[in-house]
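Working through the structure, step by step
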Amino acid sequence: MGKLFFYSDQVKESPGNVRMDELLFAGMEPKNIKIGYIPSTEDKEKKYFHTKVQYYLEYGIQHFMFFDLYSEFDPLKIKELLSCDILHLSAGNPIDFREAIKKRKMDKVLRNYFDKGGIIVGVSGGAVQLGKSANLFQLFIGDSIEDEMDTLNFVDFEFLPHYNRWNDEFKREVLSYSKTAGTTVYAGNDGDGLIVHEDGTVQLIGDIVVINDREKFQNNTEE
């Protein structure tokens, strides 16, 4: 099993994100790291890709790969993607992202990468992909949850990014959903996140609200 990094957002101004980044690159030489970037949506001009390249360049990382799931998809590049040290799943609509992953039959590819010890970063909607489902996004856009909105399902919990942005009514709906579904939700404020290590332990970075069918509490594990 590999490691999973769930970022609510990813900006340098946040101490939590800096801490996440430090743990992400721990034990690796930045100049030798290669990051495979997988966009959640069409990015023909590579605007979002270049923004993220600039983010990682500040750490001294020099090698990047853009792996498109849309009009530039090339299955011959899968082997190169699997050679990357880190895979980055970008922010965006998690349901559209999921459909693109399914269309290109990338589920098993990403699962094999993870099972063989690969490191995967998910930011916002990309982080939702790593969790149990995208039901909370469906709830947010006002749709009733009748069918399970599946994701890559690498862990047995759901991740809710941008918790600080949601109003009290939506937060109550999330709590109700957690109780009804019997699932645990890790809700991260912007600037915070969590890491799932190789042995399955979950490390919370910053103020992460843990919501489940028994209780709701706030837990700080990192400064």
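You'll find the structure just up there.
This text gives an overview of the structure that appears in the document. (Residues numbered from 1 in each chain as written. Predicted model: local features only at pLDDT ≥ 70, side-chain atom pairs only at ≥ 80, totals over all residues. Heavy atoms only, no water.)

A few words now on the packing of aromatic side chains. The relation between two aromatic rings is expressed through the spacing of the ring centres and the mutual angle of the planes. The final tally for this structure, using the stated rule, is 14 aromatic pairs. Between Phe-6 and Phe-157, the aromatic rings sit 5.5 Å apart at their centres with planes inclined by 45°, giving tilted as the arrangement. Taken as a pair, Phe-6 in strand β1 (residues 3-7) and Phe-157 in the loop between α7 (135-140) and β6 (158-160) lie far apart in primary sequence, 151 residues in all. A relative accessible area of 0% places Phe-6 in the buried class. Here the aromatic rings of Phe-49 and Phe-66 are separated by 5.2 Å at their centres, their planes lie at 70°, and the arrangement is edge-to-face. Separated by 17 residues along the polypeptide, Phe-49 in helix α2 (residues 47-57) and Phe-66 in strand β3 (residues 63-66) bring together distant segments of the chain. Phe-49 sits in the buried class, given a relative accessible area of 9%. The aromatic ring of Tyr-55 is capped on one face by Lys-12, whose charged end is 3.6 Å from the ring centroid. Across from the ring centre of Tyr-55, 4.8 Å away, lies the NZ or CZ of Lys-52, which sits over that ring. (Phe/Tyr/Trp six-rings, centres within 6.5 Å; stacked < 30°, edge-to-face > 60°. Helix = DSSP H or I, 4+ residues; strand = E, 2+ residues; numbered from the N terminus. Buried < 20%, exposed > 50% of the residue type's maximum accessible area, 1.4 Å probe, protein only. Lys NZ or Arg CZ within 6 Å of the ring centre and 35° of its normal.)

Look at any regular strand and the pattern is simple: side chains alternate between the two faces of the sheet. As paired elements, strand β2 (residues 34-38) and β3 share four bridges and run parallel to each other. Of the residues in β3, the one forming a bridge with Tyr-37 is Phe-66. Note on the crossover from β2 through α2 to β3: the handedness is right-handed. (Pairing = 2+ DSSP bridges. Right-handed = clockwise from strand over helix to strand, strands pointing away.)

This part takes up the side chain of Asn-212. With respect to the helices, strands and loops of the structure, Asn-212 is situated in the loop between β10 (207-211) and β11 (216-220). By relative accessible area, Asn-212 is classed as buried at 6%. Non-local contacts of Asn-212, meaning those with residues more than four positions away in its chain, are made with Leu-175, Ser-178, Lys-179, Thr-183 and Thr-184. (Contact = heavy atoms within 4.5 Å.)

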